[in-house]
Each structure stands twice: as structure tokens, then as C-alpha cells.
Amino acid sequence: MLDQPTLLFVLALLQGLLAVVALSLRVGLGENARGLGTWTASLVCVAAPAALLAMGFSQSTEAILVQNALWVPSMVLTAIAIRRFFGFPGRERVFAAIALCTYAVAAMATVLAGWAEFRLVVLASLHVACLVVGLHALLRAHPRLAGLGPLLMAVGLVMLALVQSWRAATVLFEGADAVRFLVGGLVVPVLLVSTMLALTCITVAFILLATDRVRRDLHSMASRDPLSGLLNRRGFHELADPLLALSARRDAPVALAVIDLDDFRRLNDEGGHSLGDHAIARVGGRLLAESRAEDVVARFGGEEFVVLMPLTDAEGAKRFAERLRLAVAAELAGLAFAPSGLTASIGLVAARGPAEFPALYRRADEALYQAKAEGKNRVVLA
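Residues numbered from 1 in each chain as written. Predicted model: local features only at pLDDT ≥ 70, side-chain atom pairs only at ≥ 80, totals over all residues. Heavy atoms only, no water.

Asks: Any chance you could explain the pairing of strand β2 (residues 296-301) here in plain terms?
Replies: The side chains of a regular strand alternate between the sheet's two faces. Buried residues dominate β2, accounting for 5 of its 6 residues. Direction of pairing for β2 relative to strand β3 (residues 304-310): antiparallel, over a ladder of 5 bridges. Within β3, the position partnered with V297 by the bridge is V307. Here β2 hands over to β3 after 2 residues, with G302 in that stretch at a positive phi of 60°. (Buried < 20%, exposed > 50% of the residue type's maximum accessible area, 1.4 Å probe, protein only. Helix = DSSP H or I, 4+ residues; strand = E, 2+ residues; numbered from the N terminus. Pairing = 2+ DSSP bridges.)

Asks: Just checking my understanding: could you explain the nonpolar core for this structure?
Replies: Generally speaking, soluble globular proteins have nonpolar side chains that are buried together. L36, W39, F86, M153 and F206 are the most contacted members of the largest nonpolar core, which totals 53 residues. Counting only elements with at least two residues in this core, the list comes to α1 (4-29), α2 (36-54), α3 (61-85), α4 (92-113), α5 (116-141), α6 (149-174) and α8 (187-223). Considering every element that reaches this core, the biggest residue donor is α8, with 10 residues. Counting 27 residues, the second-largest nonpolar core is a separate cluster that includes L275, A321, V328 and L348. (Core = buried A, V, L, I, M, F, W, Y, C linked by side-chain atoms within 4.5 Å.)

Asks: In this structure, what is going on with the environment of M309? I would like to understand it.
Replies: With respect to the element layout, M309 can be found in strand β3. Along the primary structure M309 and A255 are separated by 54 residues, whereas in three dimensions their C-alpha atoms are 5.0 Å apart. With sequence-adjacent residues up to four places away left out, M309 is seen in contact with V254, A255, L256, A257, R292, D295, A317, F320 and L348. (Contact = heavy atoms within 4.5 Å.)

Asks: Help me understand helix α11 (residues 273-290) in this model?
Replies: Every α-helical turn comprises 3.6 residues, leaving residues that sit three or four positions apart pointing alike. Taking 1.5 Å per residue as the helical rise, α11 with its 18 residues ought to reach 26 Å, and the 26 Å between its terminal C-alpha atoms agrees with that figure. Within α11, burial applies to L275, G276, A279, I280, V283, G284 and L287. (Expected span 1.5 Å × (residues − 1).)

Asks: What am I meant to see in the confidence of the model for the chain here?
Replies: Regions with low pLDDT carry predicted coordinates that are not meant to be interpreted in detail. On average, the chain scores 81 in pLDDT, and the residues at 70 or more come to 85%. By mean pLDDT, the top-scoring element of the chain is β3 (94), and the lowest-scoring one is helix α7 (residues 176-182) (50). (pLDDT = per-residue confidence, 0-100.)

Asks: Looking at this model, I keep getting lost on the sheet that holds strand β1 (residues 253-261). Mind explaining?
Replies: As summarised here, the arrangement of the 5 strands in space is β2-β3-β1-β4-β5, forming an open sheet in which the pairing is mixed. Edge positions in the sheet fall to β2 and β5 (379-381), since each has one partner strand and no second. For this sheet the average axis-to-axis angle between neighbouring strands, irrespective of direction, equals 20°. Strands in contact with α11 are β1, β2 and β3; relative to β3, the strand with the most contacts, it is inclined by about 5°. (Axes fitted to C-alpha atoms, helices over the stretch in contact; angles between N-to-C directions.)

Asks: Can you walk me through the pairing of β1 in this structure?
Replies: β1 sits mainly inside the fold: 9 of its 9 residues count as buried. Residues P253, A255, A257, I259 and L261 point to one face of β1 and V254, L256, V258 and D260 to the other, with burial holding for every one of them. Pairing of β1 with strand β4 (residues 344-352) involves 9 bridges; the strand directions are antiparallel. Each residue of the ladder has a partner; that of V254, found in β4, is A351. In this sheet, β3 lies alongside β1 in antiparallel orientation, the contact comprising 7 bridges. The partner of I259 across the bridge, within β3, is F305.

Structure follows, in C-alpha cells:
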């Protein structure tokens, strides 16, 4: 079996390597890896006292207090890193100050009154409290997470919390004998190995979650129009095709609206392309706000937008399209320097049962041309 100094050296070396990996990932991924810089600092706070102990650093009361003091910020930083990674705001400085002041009180009690048991209970309790904060942030973020990352992070946090809870319970029930028990026999190796495994799990979880976030961002960039924030053609078909197939199997109604801004070229000519881009962005936001969660809204290019409406018959689609037309007109009327009367024409088609998108789009596009020919700023149902 490995002796204690060797295990401490392995712990220090492993956490140092994990810190380098975490910091490299933070630098490489930028905003997608927020929180990893804080996690790097946490790993350094673990590696430092382990390295000091492995090198035979003094085991006086003062030396132990200094080594323990590095564990407190490591756990505080763990909680802060997880909360930052998942984008949860919080009073981090207040949280850190409370934890450090609590440990300072326990350290003073050890120096002045020899209350080593009290210090161990406080230290373990602070660890558990910080881990619970991190676990709470993970559980809040879990509905939007997927893959192995959340499970590994939960396992690491729970493992650390159980180890520290066991230490606190041992001290509470065994008293002075617990201190000798905790530093003898197999206890220290078990604690060190458990800590190594738990911190490794959390670091790997950070890496998996950060890379998954990058993958999702890349997919979003490939499937969304950057100007309007809506889906592009690729993103539209990823969602629309399965909905059309489901509607066909269930013989359910479906509707498609093709929306085109009237006189958009005049807007570009008179106000410039920057004003045209601003108009596209505002119309995209308005279409998204007016649509239902189940509708698929996309920009197909230029000033053309499409909305697929599942479970919508012709009458419902007509009402919805009229509301969209009025909403777009109101949005464009508030655009500074826009030509007066800037509006939108909408071609609409409704079907039931088997319906291929090319056929629906062709019919809606024909209805759109009819709306333009009849004077624009209107809805025509094919």
C-alpha cells in the first residue's frame, strides 16, 4: 500500500495537472468556459497543502492551521466556480467572507483553547455547505444539460460531501479520540484517494460540459440567422420536417405562412443598409414574440420570413397571419427614418394529413405574389 507522503504527493501532482488542463480550457474556450478559471484556483488550493505535507512540512498546530486554511478557499471557490459556469449570479464575496471568518474563529479557538475537535467539525461543515451550494446550482441547471458531465459532477460533489460529513460525525461522536482515529490506520489513505477521485470527476465534468456548450453554440451558429436571431433554412428544416411527418401520421392540420416586407428595397435605398438590417432584426424579434412556442419561425433570406404552424387549420392560420401583419406594420412604423407605410404581405396555405414542404411553400409563395399584385399589406390564403 502507498504510504501517506506518497499519496499526498500523488494528490498534489494530480491536482496540479488538472489545474493546468482547466486553465488551458478556460483560455481556449473563452466565455464558454466561464468558471473554469475559478476552478483552477480551487485545484491549486488543494495541491498546495498536499505538496507541503508530502515534503514533510511542519506538523505543528500553526502549520496545520495554515494548511487547513487553504482548504476553505478551495471549497468556496468550488461553489463559486460551479455557479459561475452555469451563469447564476450571487453575492460571492459575502459568501467567501462568511466562510473565511467562520474558519478564522475555529482556528482562534484551537490556538487559544486547544479545541481541535471544534476546528475539525467547523472545517468539515464548511466543506459540506460549499458543496451543497455547488450541487444546488447543478440541480437548477440540470433541465438544460445532457450527457455524462452533470452525472460526473454530481458524483464528485456528493463524494466530497459524504467524506466531510463522515469526518464531522466522527469528531462529534468520538470526541478527542476521533482526532487520533482520523490520522491513523487506513483513514487518511481513504480520504486522500476519495478526494482525488472526486476532484477528478468534477474536473472531467467541467471539461465535458464546456465542450458540449461549444458544440451547441456551433450548432446554433450553423442553424440560426445572425441578423434576425431566427432559424435559417437549415435550422428550419431540422424542426419543420419532423413536425410535418408527425402531422401526416396523425392526419393533423398544419399551416405555413410566407411573409415578405413590402418596399424593402426602398428602405435600403433611402435609409441605407444599416437601417434595413435594423428593420430585419426588429421584425424577426416581433415575429418570434407573436408566435407560439410550437411554431417554427425562420428567415429564409433577404426580407422573407416563414412560419410553420402545427395543429392549425385555415381559419386559425388566417387570424394568426392577420395579427402578424398588423404587428409587423406597427414595428416598422416605429422605425426612425423608415419610409411611411412600410408593411408586409403574407401568403398563407393550410393543409391536413400528408404534406410535403416544397408543395406547401410553393402554394404559399403563389399566394404571396397574389397579395403583392392586389396592392400589398394583406394576407392571401391559397
